[in-house]
Amino acid sequence: MPRRRKEKKKAGLDFIPQSVEDFEREARKYLDQSQIDYIYRGTESQFTLDRNKQAFLHYLLERRVLQGIEDVDLSVSYFGGRLTSELPFFPAPVNCSPLYPNAILDLLKVTNSFSIPVFVSHVAVLDPLELSNLPSLVKNKASSLIWQIYMQTNNVEECYKQARLAESWGYKALTITVDTELNLKLGNELPAQTAAHSFISITPKEIKKLRQMSTLPLIAKGLMNAEDAVLAVESGADGVIVSNHGARTLDHIPSTLEELPRIVRRLKSKKRTRDAEVFFDGGIRRGTDILIALALGAEGCLLGRPVLWALACDHEQGVAQMMRILKGELQRAAMLCGASKISNVNSSLVRKADF
Ligand SMILES: Cc1cc2nc3c(=O)[nH]c(=O)nc-3n(C[C@H](O)[C@H](O)[C@H](O)COP(=O)(O)O)c2cc1C
């Protein structure tokens, strides 16, 4: 007997989300099976996917009292003030186009609620949308868009050309994703537009050339090794994103949280790389996760799946709600750890769990 197609729920919340996990659980009802596979899965055995989340369990926060903290300043600024944010976490570049047409436009509307940077995934911008038009759609001038570049066999020269123009279009930074030299292997059917991509293997040459094309801050995304991070910065990147692509490229690699302190230490130890900004993503589901990552040296955190789950449930309102929940959790956690200014958080706030 042919299997009946599951009825998808229409976007709109009929539950009161209290946490990112609530969005994770509920979003399945708004998606078909191929969308669920595309968003939820990591590669192969899911070992690294689980590890990204579980890594946070190995750290404990330092609870403080008697500190008289009444408010927490969550604002941050990067690249000498060229990029500012009212929150130290923001949407990662995610290909949201398999969710529904023009989902990227709803994602950008989170800037109506928060003054934050939003990464625009290269592959989320499909015809008739134009990369060049997106910054003009952002009405909140305290927000910014960062274009995330995917170089493919057929668009390399186009990428350089667009990188040269990106500043005039209104983008505030560029990101080059360096960890998709092979197609993702999620073990299941991929949405057609994803399966068709043929990304090139990024080398220092491409980073250097992008550096020449633009004076915008340039961020290399997908670093999981301290020497690679140094190489990226020495090739011209102003910052790196410690990321394993949400555990979607290679299984049995460490979690991003395990690699973060090593990468921060190595970059900070060298004069030529010391000023590079270090961003982080992978497995963040709670405000306490963000606080731990910041304490371990990240200067900002990116959210991948939480944004997609929230978009699926309630489009732009879903994303704004999810961000509000995380903001509340982070504020509370920082306050109870005696941190009044998030940009001053350091390793004194965390320790490795003994058991
Ligand atoms: C469905 C999906 C699509 C993604 N699309 C992109 C993309 O277009 N460009 C990119 O650089 N990273 C992409 N990523 C990776 C995210 O930017 C981010 O590194 C990762 O999702 C962080 O882990 P998290 O999902 O646990 O937050 C994608 C991730 C997912 C789950």
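As the structure is a prediction and not an experimental result, all values here were calculated from the model.

Scanning the protein from terminus to terminus reveals twelve helices and twelve strands. In terms of overall size, the protein behaves like a compact globule, its C-alpha atoms giving a radius of gyration of 19 Å where 355 residues would be expected to give roughly 20 Å. Considering only C-alpha atoms, the protein reaches an extent of 60 × 50 × 40 Å along its principal axes. Out of the 355 residues in the protein, the part that is buried amounts to 56%. Looking at the protein as shown, the accessible area adds up to about 16,100 Å², and 50% of this sits on carbon and sulfur atoms. Averaging the positions of the 46 positive and the 41 negative side-chain charges in the protein gives two centres separated by 1 Å.

In this structure, L257, L260, F280 and M323 are the most contacted members of the largest nonpolar core, which totals 121 residues. With 15 residues, helix α12 (residues 305-336) is the single largest residue contributor to this core. In this structure L257 touches A55, F56, Y59, F280, I292, A293 and L296, once residues within four positions along its chain are discounted.

Another aspect to go through is the environment of S343. Take S343: it is sitting in the loop between α12 and β12 (350-352). Taking the relative accessible area as the measure of exposure, S343 reaches 41% and is therefore partly exposed. For the pair S343 and E299, spaced 44 residues apart in the sequence, the C-alpha separation amounts to 7.5 Å. If sequence neighbours within four positions are ignored, S343 has contacts with S75 and V76.

Turning our eyes to something else, we now look at the pairing of strand β6 (residues 144-149). Consecutive residues of a regular strand have side chains that alternate between opposite faces of the sheet. The element β6 is extensively covered by neighbouring structure, given that six of its six residues are classed as buried. Burial along β6 is two-sided: the residues S144, I146 and Q148 and L145, W147 and I149 are all buried. One ladder, built from five bridges, connects strand β5 (residues 117-121) with β6; its direction is parallel. Each bridged residue has a counterpart across the sheet, and for V118 the counterpart in β6 is L145.

Turning to the site of the ligand, a few remarks are in order. Close to the ligand lie 25 residues, the nearest being P93, S121, T177, D281 and G283. One nitrogen or oxygen atom from the main chain of P93 is found 2.7 Å from an oxygen atom belonging to the ligand. In the environment of the ligand, an oxygen atom lies 2.8 Å from a nitrogen or oxygen atom belonging to the side chain of T177. Residue assignment for the shell around the ligand shows that the elements contributing at least two residues are α2 (33-40) and α12.

This prediction gives the protein a mean pLDDT of 95; 95% of its residues lie at or above 70. Interface scoring of the predicted complex returns ipTM 1.00; its pTM is 0.96.

Conventions used here
Residues numbered from 1 in each chain as written. Predicted model: local features only at pLDDT ≥ 70, side-chain atom pairs only at ≥ 80, totals over all residues. Heavy atoms only, no water. Helix = DSSP H or I, 4+ residues; strand = E, 2+ residues; numbered from the N terminus. Rg over C-alpha atoms; globule rule 2.2 N^0.38 Å. Buried < 20%, exposed > 50% of the residue type's maximum accessible area, 1.4 Å probe, protein only. Areas by Shrake-Rupley, 256 points an atom, 1.4 Å probe, with all protein chains shown as cover. Lys, Arg positive; Asp, Glu negative; His and termini not counted. Charge placed at Lys NZ, Arg CZ, Asp CG, Glu CD. Core = buried A, V, L, I, M, F, W, Y, C linked by side-chain atoms within 4.5 Å. Contact = heavy atoms within 4.5 Å. Pairing = 2+ DSSP bridges. Near = heavy atom within 4 Å. Polar contact = N/O pair within 3.5 Å; in protein donor to acceptor, adjacent residues only side chain to side chain. pLDDT = per-residue confidence, 0-100.

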